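This is what each chain is made of:
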Amino acid sequence: MSETRSAGQARTGAEAFEIKVGLAEMLKGGVIMDVTTPEQAKIAEDAGAAAVMALERVPADIRKEGGVARMCSIEVIEGIQKSVSIPVMAKVRIGHFQEARVLEALGVDFVDESEVLTPADEAHHVWKHDFRSPFVCGARNLGEALRRIGEGAAMIRTKGEAGSGNIVEAVRHLRDVMGGIRSLAALSPDEIPTRAKELLAPVALVQAVAERGSLPVPNFAAGGIATPADAALCMSLGAEAVFVGSGIFKSQDPPARARAVVHATTHWREAEEVLNASRGLKEAMPGIEMETLAEHERLANRGW
Amino acid sequence: MATARPRVGILAVQGDVEAHARSLERLGALVTRVLRDKDLDAIDALILPGGESTTIAKGLQRLGLYEPLEAFARAGRPVLGTCAGAVLLAREVENDPVRSLGVLDVVAIRNAYGTQVDSFATRAEECASKLEGLHCVFIRAPRLRDPGPDVEVLARVEGWPVLVGQGNVLASTFHPELTDDDRIHQLLLDLTREAQKP
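A brief look at the structure comes next. (Residues numbered from 1 in each chain as written. Chains lettered and ligands numbered in written order. Predicted model: local features only at pLDDT ≥ 70, side-chain atom pairs only at ≥ 80, totals over all residues. Heavy atoms only, no water.)

1. A word on the overall build of chain A
Here comes step 1: Within chain A, the secondary structure is distributed over 13 helices and eight strands.
Here comes step 2: Against the 2.2 N^0.38 benchmark of 19 Å for 304 residues, chain A shows a C-alpha radius of gyration of 18 Å, consistent with a compact globule.
Here comes step 3: Of all 304 residues assigned to chain A, the portion counted as buried reaches 58%.
Here comes step 4: Partitioning the intrachain contacts of chain A with sequence separation of at least 6 by distance along the chain shows that 67% fall at a separation of at least 24.
Here comes step 5: If you average the places of the 34 positive and of the 42 negative side-chain charges in chain A, the two averages end up 0 Å apart. (Helix = DSSP H or I, 4+ residues; strand = E, 2+ residues; numbered from the N terminus. Rg over C-alpha atoms; globule rule 2.2 N^0.38 Å. Buried < 20%, exposed > 50% of the residue type's maximum accessible area, 1.4 Å probe, protein only. Contact = heavy atoms within 4.5 Å. Lys, Arg positive; Asp, Glu negative; His and termini not counted. Charge placed at Lys NZ, Arg CZ, Asp CG, Glu CD.)

2. So, the interface of chain B and chain A
Here comes step 1: The interface is formed by 36 residues belonging to chain B together with 39 residues belonging to chain A.
Here comes step 2: The junction of chain B with chain A conceals about 2900 Å² of combined surface from both sides, 52% of it contributed by carbon and sulfur atoms.
Here comes step 3: The largest per-residue losses of area from chain B upon contact with chain A belong to Arg62(B), Gln116(B) and Val117(B), which jointly make up 21% of the total buried on that side.
Here comes step 4: On the surface where chain B and chain A come into contact, there are three salt bridges.
Here comes step 5: Of all the secondary structure elements, the ones that give two or more residues to the side of chain B that touches chain A are α2 (53-63), β7 (120-123) and β9 (135-138) of chain B.
Here comes step 6: It is α2(B) that provides the largest number of residues to the side of chain B that touches chain A, a total of five residues.
Here comes step 7: Looking at side-chain class alone, the side of chain B that touches chain A contains 12 nonpolar, 12 polar and 12 charged residues. (Buried area = accessible area lost by both parts, 1.4 Å probe. Salt bridge = Lys/Arg side-chain N within 4 Å of Asp/Glu carboxyl O. Nonpolar A, V, L, I, M, F, W, Y, C, P; charged D, E, K, R; others polar.)

3. Focus on the packing of helix α2 (residues 38-47) of chain A against helix α4 (residues 74-83) of chain A
Packed helix pairs are specified by the crossing angle of their axes together with the interaxial distance, meaning the distance between the axes.
Residue and element names in this part refer to chain A.
Here comes step 1: Look at α2 against α4: their axes get within 8 Å of each other, and the N-to-C directions meet at 35°. Considering only the axes of α2 and α4, their crossing is right-handed. In this structure, α2 contributes Pro38, Ala41, Lys42 and Glu45 to the contact, and α4 contributes Gly79, Ile80 and Ser83. (Axes fitted to C-alpha atoms, helices over the stretch in contact; angles between N-to-C directions. Left-handed = near helix turned anticlockwise from the far one by under 90°.)

4. A word on the packing of aromatic side chains
To describe a pair of aromatic rings, you give the distance between the ring centres and the angle between the ring planes.
Here comes step 1: Taken as a whole, this structure holds six aromatic pairs over all chains when the rule is applied.
Here comes step 2: Pairing Phe131(A) with Phe135(A) gives two aromatic rings, centres 5.1 Å apart and planes at 70°, and the pair type is edge-to-face. This pair shows no difference in class: Phe131(A) is buried, exactly as Phe135(A) is.
Here comes step 3: Ring geometry for Phe120(B) versus Phe138(B): centroids 4.8 Å apart, planes at 20°, classification stacked. Of this pair, Phe120(B) sits in strand β7 while Phe138(B) sits in strand β9, and the two are 18 residues apart along the sequence.
Here comes step 4: A relative accessible area of 1% places Phe138(B) in the buried class. (Phe/Tyr/Trp six-rings, centres within 6.5 Å; stacked < 30°, edge-to-face > 60°.)

5. Some points on the side chain of Glu115(A)
All names here are of chain A.
Here comes step 1: Considering the arrangement of structural elements, one finds Glu115 in the loop between β4 (110-114) and β5 (135-139).
Here comes step 2: Residue Glu115 is classed as buried on the basis of its relative accessible area of 3%.
Here comes step 3: Polar side-chain contacts of Glu115 include one of 3.0 Å to the side chain of Arg157. (Polar contact = N/O pair within 3.5 Å; in protein donor to acceptor, adjacent residues only side chain to side chain.)

6. Things to note about the sheet that holds strand β13 (residues 169-172) of chain B
All names here are of chain B.
Here comes step 1: Taken in spatial order, the eight strands line up as β2-β1-β3-β4-β13-β12-β11-β8 in an open sheet, and their pairing is mixed. Looking at strand neighbours, the two that pair on one side only are β2 (30-34) and β8 (126-127), the edges of this open sheet.
Here comes step 2: In this sheet, strand β3 (residues 45-48) lies alongside strand β1 (residues 7-11) in parallel orientation, the contact comprising three bridges. For Val8, the partnering residue across the bridge sits in β3 and is Ala45.
Here comes step 3: In the packing of helix α5 (residues 183-196) onto the sheet, the strands contacted are β1, β3, β4 (79-82), β12 (160-166) and β13, and the crossing angle to β3 comes to about 150°. (Pairing = 2+ DSSP bridges.)

7. Some remarks on empty space enclosed by the protein
Here comes step 1: Overall, the coordinates contain two cavities of 30 Å³ or more when judged by the stated rule.
Here comes step 2: Estimated volume of the largest cavity: approximately 200 Å³.
Here comes step 3: Lining the largest cavity are 21 residues, with Asp34(A), Ala162(A), Ala222(A), Gly223(A) and Gly245(A) sitting closest to its centre.
Here comes step 4: Residue composition of the lining of the largest cavity, by class: eight nonpolar, seven polar and six charged.
Here comes step 5: Estimates place the volume of the second largest cavity at around 120 Å³.
Here comes step 6: Taken together, 14 residues form the lining of the second largest cavity, with Gly51(B), Glu52(B), Cys83(B), Asn111(B) and Arg140(B) sitting closest to its centre.
Here comes step 7: Those elements giving two or more residues to the lining of the second largest cavity turn out to be α1 (13-26) of chain A together with α4 (84-89) of chain B.
Here comes step 8: Of the residues that constitute the lining of the second largest cavity, the class distribution is seven nonpolar, four polar and three charged. (1 Å grid on protein atoms, 1.4 Å probe; cavity = no way out; pocket = protein on both sides within 12 Å on 5 of 7 lines; lining within 4 Å. Points joined across faces, edges and corners; volume = space filled by probe spheres on them.)

8. Observations regarding unusual backbone geometry
All names here are of chain B.
Here comes step 1: A positive phi angle, close to 70°, is found at Asn95, a residue other than glycine.
Here comes step 2: Within the fold, Asn95 resides in the loop between β5 (90-94) and β6 (104-109).
Here comes step 3: In this structure, Glu158 takes a positive phi of about 55° despite not being glycine.
Here comes step 4: Note on Glu158: relative accessible area 29%, which makes it partly exposed.

Laid out in structure tokens, this is it:
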């Protein structure tokens, strides 16, 4: 059994889908937090995070410091893997399938092919079917989500605008994905291929989404979540879990804010509880107005 | 009230609540979400879903649900735990332990197979006749060891118990809710019908 379960061997067919998507299913209703040290990972786990994302700099710092942002150093990832028992995710540059192979060999639980890092390939994403590790990818709209699923992504998250502390882009992307799914219900079968052409998405996937009324993989929110109410807003708009990047460790009181975001994500249906989660927090991370970001500074524009 | 639809609550702190709800609805059960002590009053049976056991355990602590859930199980009302849910039912937890309810006489070893790269699916090797051909999906699964004398092992994979029962308590280390095979959920509903007999 052990040799058939080793890293580097692709999973194929239905088994691949159920096992990769299976872990995404287990993360539903949870919060995935960006962390840069084992100490932060422990804080995240203690606060109730369902998983952590290991990286060298949070998006707000990548944005500020500039330069090429790459996969996290192995030592940092290993340190984080040793410090927590919840799943550990890590990011690779768009199209950088060798970074992805490295993370797979390291036994990382989920690979994020992420626009937050500097793209390695401006035309192609990783062909994710060839991997044993599941992948999560960002999307701004339904077409982009379906292109990534077509390449083998087992989880979709909104891109939002990472490191901005501004929820507006995540809301835009969630509205587009969820609205796009709802609009498919109004189409007759012979209209699906034309919609697929407009979406630049595989026809079979568009048909599948039209039939089931949802993506075939879990749909999470990311990019700009800074407060408990931001997390609750994303859940109300149809996200099934949330990623919080800079929002926790760029705030004034990370442990309390981490607990508060977890609480609001669990109880997003109950305004009283989101109120309780919002009470007594120190200052949130500083935010950025979208109008002040030039096109080339917008991370969401990376990938297609 | 023998014809009433069974009311099954799913603990909704975190995890694959919707997947369990789909299985239960296919079997005609009424499904509710459980987040509060009082939610337990309106249900006949309970599911502790898959998810992250540390996350769920912290939620149980915060919501003060450990004692009410334990009382629910000890009162003989049917409970099914899958994966993280099985960990939470065990008498003892190893490998980064979390507090458990202690209503199932087994030791649960968390993340016993490794990380997600080691997750797998297979058919159960030995299982009760009504569960033949059981397809088991293991996601960062725990192992169960040292089942007590009252624990019945209903299925095994690689020699390890993967589905066990003890009176009104059922636990699987795999995820029946991720497949279209509803036989495990049916076992829970059978227990529920038994429990309601006068």
